[in-house]
Amino acid sequence: MDDLTKNARGDLEQRFLRSKDIAVAAGDLAGRFFENRNALKIETKSIQDYVSNADKEVESKIIHTINAHFPNDQIVGEESGCKVADSDYVWIVDPIDGTANFINGIPHFCISIALCFLGKVRFGVIYDPNQKELFDAFRGEGAFLNGKPIKVSNNSDLDQSMISCGHSFRIKDEIYLGVIRKLLMASAEYRHMGSAALGLAHTACGRVDGFWEQQINSWDFAAGQLLVEEAGGWINESIPGNWLQSGSAILCTNRHLKTALQKITGIK
Ligand code: IPD
Ligand code: CA
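Report on the accompanying structure. (Residues numbered from 1 in each chain as written. Chains lettered and ligands numbered in written order. Predicted model: local features only at pLDDT ≥ 70, side-chain atom pairs only at ≥ 80, totals over all residues. Heavy atoms only, no water.)

**Quick word on the packing of helix 4 (residues 173-185) against helix 8 (residues 258-265)**
In a pair of packed helices, the angle between the axes and the distance between the axes together describe the arrangement.
Link 1 in the chain: In contact at an axis separation of 9 Å, helix 4 and helix 8 are set at 135 degrees when each is read in the N-to-C sense. By the criterion of interaxial angle, the relationship of helix 4 to helix 8 is oblique. Judged by residue contacts, Val179, Lys182 and Leu183 of helix 4 engage Leu261, Ile264 and Thr265 from helix 8.
Link 2 in the chain: Partitioning the contact of helix 4 with helix 8 into residue classes produces four nonpolar, one polar and one charged. (Axes fitted to C-alpha atoms, helices over the stretch in contact; angles between N-to-C directions. Helix = DSSP H or I, 4+ residues; strand = E, 2+ residues; numbered from the N terminus. Parallel < 35°, antiparallel > 145°, perpendicular 65-115°, else oblique. Contact = heavy atoms within 4.5 Å. Nonpolar A, V, L, I, M, F, W, Y, C, P; charged D, E, K, R; others polar.)

**Points about the coordination of the calcium ion (ligand 2)**
Link 1 in the chain: Coordination of the calcium ion (ligand 2) by the protein involves Glu78 (OE), Asp94 (OD), Asp97 (OD) and Asp220 (OD), with metal-donor separations of 2.1 to 3.1 Å.
Link 2 in the chain: In this structure, the calcium ion (ligand 2) is coordinated by six donor atoms arranged in irregular fashion, with angles at the metal of 60 to 160 degrees.
Link 3 in the chain: Binding-site remark: the calcium ion (ligand 2) is held by donors from one chain whose sequence spacing is E-x15-D-x2-D-x122-D. One end of the pair, Asp94, is in strand 5 (residues 89-97); the other, Asp220, is in helix 6 (residues 218-230), with 126 residues separating them in the sequence. Taken as a pair, Asp94 and Asp220 share a single burial class, namely buried. (Donors = N, O, S within 2.8 Å, 3.2 Å for Na, K, Ca; no water. Tetrahedral: all angles 85-135°; square planar, octahedral: opposite > 155°, others 65-115°. Buried < 20%, exposed > 50% of the residue type's maximum accessible area, 1.4 Å probe, protein only.)

**Some points on the environment of Ala30**
Link 1 in the chain: Looking at the element boundaries, Ala30 is found in helix 1 (residues 6-35).
Link 2 in the chain: Judged by its relative accessible area of 0%, Ala30 is buried.
Link 3 in the chain: Between the alpha carbons of Ala30 and Ile180 there is a distance of 32 Å; along the sequence they are 150 residues apart.
Link 4 in the chain: Excluding anything up to four places from it in sequence, Ala30 contacts Val58, Ile96, Phe102, Phe109 and Ile111.

**Concerning the packing of aromatic side chains**
Describing an aromatic ring pair means giving the distance of the ring centres and the angle of the ring planes.
Link 1 in the chain: Across all of its chains, the model carries eleven aromatic pairs by this definition.
Link 2 in the chain: Measuring from ring centre to ring centre gives 5.1 Å for Phe16 and Phe123, while their planes differ by 45 degrees; the resulting arrangement is tilted. Here Phe123 lies in strand 7 (residues 120-128) and Phe16 lies in helix 1, a separation of 107 residues in the sequence. Exposure class is identical for Phe16 and Phe123. Each is buried.
Link 3 in the chain: The lysine or arginine in question, Arg15, covers the ring of Tyr89, its NZ or CZ lying 3.8 Å from the ring centre.
Link 4 in the chain: Directly above the ring of Phe34 sits Arg37, whose terminal nitrogen or CZ lies 4.5 Å from the centroid. (Phe/Tyr/Trp six-rings, centres within 6.5 Å; stacked < 30°, edge-to-face > 60°. Lys NZ or Arg CZ within 6 Å of the ring centre and 35° of its normal.)

In structure tokens:
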């Protein structure tokens, strides 16, 4: 935290505290839509990529609250794009990560909120309303689940590991299938759960030993990447400078499995 002035730190802490309330309130709203999902209005953005009125309304509630407290901050949201503002503070919001699960009635989705200050992610919050689990991390201060410190797994054996994987139809099937095949050949177990943000959060708390997806958007991984780092894990250094606009490949794991998973995925 040594690159922060006392004032900047205070401003960030204020936003961090607020972000947890925002995530929980947004999760409660998403939960209410989930209970009445027969009434959802669903649109298709691209192949197997959906948006519902719930995603839009949850995002607008989040944006509304951020605007009310921090009117000069910039917000990048999955459903509304970018609120242009000349601000050092950039919020990165995924109102419902796991939308396909959500609309199919699978209770595995979350709210993901991160904040960048001067180009660096400073905190991340992920809320799973179904499990009532709030994951949070402030850079340099560790990662927490419902207020208790969390750590990545200590597993060093690929043949006893479980790796969470993500997929979208933006990626050639050979790439996805190639990595899954190599994982299976190494006797590693894999899961495809449908929420990248929760895959990262579950890596941070050691439920799975890593997360991989070949190309994901910034709002899917901004909060989760910090959780993993703050939980003592490793995340790929190859994330490009323009990740906020372009997204990135994401590979993260504990320190022991890093080299083996780099070899399997080709991600450094
Ligand atoms: C998607 C989920 C999915 C991942 C996709 C994302 P959405 O986000 O995180 O697990 O594989 O790449 O787009 O559409 O549910 O917000
Ligand atoms: Ca998402």
